[in-house]
Amino acid sequence: MMASHKPHLMQLHNDSVENLAHLDTLEPHQHLAVIDRACPSSERLLTEARYRIYHKIRWVLLDSTDDDLAAAESKETDMLRLVSALEVTGSCNLFYFAWTKEGELVAKDVYRISINSELITSVVAIWRNGAFEDQQIGKSVAVRRKNLQLTPIRTTLIYTSNYTLSHFDDYESPQIDTITRNSYHIAKVLYDFYLNATMKKKYATSWCYSNIEGMCSDIIGNRTDFGAALLFMTQPRLKALSYTKVPIRTFVRIIYKTPNLSTTDNIFELPFDAMVWNCTAGLTILAGGLTLAAYLFNREMDGDQTPLSDAAFNIIPVACQQGSNIEAYGISRKAFILVSLIGLMFLEASYSAKIISLIQAPSERISTLKDLLESKLEVATADTPYNRHYLSTSTEPVRRALYEKKLLLKNGSMNIYSVNDGIAKIREGLFAYHVYTSTAYQRVSETYDEVEKCYLRELVFFTNSIGYLPMKMNYTFREHMNVGMMRILETGIFIREHNRMHFSKPSCDRAVSFRPLNVVDIWFSIELMGWGLGSAILLLSGEIVWRKHKISRIPIFPYVE
């Protein structure tokens, strides 16, 4: 059968129940099955249809035995008796035709809210003036039957803190179980204001992880119908669960404070780009060469007895703005030294000013998970079931390496901090914390000053950060749930509930920003002094050894009185 955008009318022979298999195609919602009760074995065919009665296919029941208006009421009673034995539920599309006492032909749909409740019928169309007047048939099942008459729906709620058990319905301390409590509030609006259903609560402490009893095991085991807790969509779960169609974005991030620029870069190299450094080196060499040339030209004339090596290296203290330790003779040498001092002085002033600004600047070197892996930052996580599961099961190379090298301790446990301790460690610097951002930012707004808030950054570890509310496969009220969630989103209630439970990243003020100098800021200069001191000691040791070697080669003459 070719798929199209129009419903298919299929002829099912009542004497062959095997023909029902033709309804199991990829597009069952496009099928319209018409059954005439006057045909033999029609009741048997409907009984054998089982789940197909309520699974997407639209059914129309006819009775062509007699058109006597006097028998219309009894024919409708017989039709309802037949339907009562079928698995009609709130999501089925089952219609039948009946005559009214006024002689009008009406189309009715029939369903029941639960398998043990009474059948409910409603008129969806009336035949008048040679055409059907649409009453409700053009509306979806979820719109026609959205009043569930306080039917109890088994719903699983998740908590990770005992505090949540007594605070699901309020908004106190929203940083505790933010995700699960927000999902509960959305489900409560769905039940109370759209479905008119009753929430029959069941509690669990875990989501959907292997070998752990939790919300998913309740749904799969038919101990609950709906999960009022956000759940990520994964391929194994799609085989066992159904989801609502409204995505709910989660904000689980790695939060860190941008380190100082001196932590990730050599700030003594950054003030000038490569071209300026090359020009500076060329200027220094040129000034030194010209000074040396002037020295050699005027050496005999001025009577200067300065060693040639000292004259050659005289440009180094000049370049470092330390002056010259050699007295300059001659106009040319004085002019070269003066011009060198003035030119290099402007470079030194620009260099020093740039160094001061770089000391106060944050580093932007960490922008990816790979950068975080290669950085000096310690990484920890909040103690939640989804953090433990997804962080430890990630197979992507960078994420796996980040888990094994940064998050995993030597004893095999994860590096875990409470929210208060984790946020405090972020403030100290060189620390990254994987946490739900709403929980973290509330603590940040309470403890950080305005300037510190400006240096907070985020990285995404979870590749899938969009969740959905789960329910049973082929749940009879799945369309009701989907349409209700759409209505909640469209009316703004969804955003309202989200804003009442979530804290966004706090604003900051960069007007005042001063940080005192630390050892790490001048570490390169300390290293340079260390290398210079070490080189000087090595040269001194070499000179001492060389001197002793030369002394040992001096011939010894006997003393003669």
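Conventions used here
Residues numbered from 1 in each chain as written. Predicted model: local features only at pLDDT ≥ 70, side-chain atom pairs only at ≥ 80, totals over all residues. Heavy atoms only, no water. Helix = DSSP H or I, 4+ residues; strand = E, 2+ residues; numbered from the N terminus. Buried < 20%, exposed > 50% of the residue type's maximum accessible area, 1.4 Å probe, protein only. Polar contact = N/O pair within 3.5 Å; in protein donor to acceptor, adjacent residues only side chain to side chain. Axes fitted to C-alpha atoms, helices over the stretch in contact; angles between N-to-C directions. Parallel < 35°, antiparallel > 145°, perpendicular 65-115°, else oblique. Contact = heavy atoms within 4.5 Å. Nonpolar A, V, L, I, M, F, W, Y, C, P; charged D, E, K, R; others polar. Pairing = 2+ DSSP bridges. Left-handed = near helix turned anticlockwise from the far one by under 90°. Disulfide = S-S within 2.5 Å.

1. Focus: the side chain of Asp109
In step 1: Among the secondary structure elements, Asp109 is positioned in strand S5 (residues 105–111).
In step 2: On the basis of relative accessible area, Asp109 is assigned to the buried category, the value being 0%.
In step 3: Polar side-chain contacts of Asp109 include one of 2.4 Å to the side chain of Ser122.

2. Focus: unusual backbone geometry
In step 1: Although it is not a glycine, Asp177 adopts a positive phi angle of roughly 50°.
In step 2: Positionally, Asp177 belongs in the loop between helix H4 (162–165) and helix H5 (178–195).
In step 3: Even without being glycine, Leu430 reaches a positive phi, approximately 55°.
In step 4: Since its relative accessible area comes to 37%, Leu430 is described here as partly exposed.

3. Quick word on the packing of helix H14 (residues 385–393) against helix H15 (residues 397–407)
In step 1: Axis separation between H14 and H15 bottoms out at 7 Å; the angle between their running directions is 115°. Judged on the interaxial angle alone, H15 and H14 are roughly perpendicular. On H15, the residues that touch Leu391, Ser392 and Thr393 of H14 are Arg400, Tyr403 and Leu407.
In step 2: When grouped by side-chain class, the residues that make up the contact of H14 with H15 number three nonpolar, two polar and one charged.

4. Describing the sheet that holds strand S17 (residues 456–459)
In step 1: Ordered in space as S15-S16-S14-S17, the four strands form an open sheet in which the pairing is mixed. The strands lining the two open edges of the sheet, one partner per strand, are strand S15 (378–381) and S17. Taking each pair of neighbouring strands and ignoring which way they run, the sheet shows an average axis angle of 30°.
In step 2: With five bridges joining them, strand S14 (residues 252–257) and strand S16 (residues 431–436) adopt antiparallel strand pairing. Looking at S16, one finds that Tyr256 is bridged to Ala432.

5. Some points on the pairing of strand S6 (residues 120–128)
In step 1: Of the pairings in the sheet, the one linking S5 to S6 comprises seven bridges and is antiparallel in character. Within the sheet, the bridge partner assigned to Val106 lies in S6 and is Ile126.
In step 2: What sits between S6 and strand S7 (residues 131–134) in their antiparallel hairpin is a turn of two residues, with Asn129 showing a positive phi close to 55°.

6. A few points about the pairing of S5
In step 1: Within S5, seven of the seven residues are buried, which leaves the element mostly enclosed by the surrounding structure.
In step 2: Where burial is concerned, the two faces of S5 agree: the one with Leu105, Ala107, Asp109 and Tyr111 and the one with Val106, Lys108 and Val110 are both buried.
In step 3: Relative to S5, strand S4 (residues 93–99) runs antiparallel, the two sharing five bridges. Looking at S5, one finds that Trp99 is bridged to Leu105.
In step 4: Joining the antiparallel neighbours S4 and S5 is a turn of five residues, in which Gly103 adopts a positive phi near 85°.

7. Re the packing of helix H16 (residues 419–428) against helix H17 (residues 437–447)
In step 1: Direction vectors running N to C along H16 and H17 enclose 60°, while the axes themselves pass 10 Å from each other. It follows that H16 is oblique to H17 by the angle criterion. Like other packed secondary-structure pairs, H16 and H17 cross with a definite hand, here right-handed. Facing Val419, Asn420, Ile423 and Arg427 of H16, the residues of H17 in contact are Thr439, Ala440, Arg443, Val444 and Thr447.
In step 2: Across the contact of H16 with H17, the residue classes break down as four nonpolar, three polar and two charged.

8. Topic: the state of the cysteines
In step 1: Within this structure, the stated rule accounts for one disulfide.
In step 2: Here Cys208 engages in a disulfide with Cys216; their sulfurs sit 2.1 Å apart. Its S-S torsion of approximately -115° makes the covalent link between Cys208 and Cys216 left-handed. In terms of burial, Cys208 and Cys216 fall into one category: buried.

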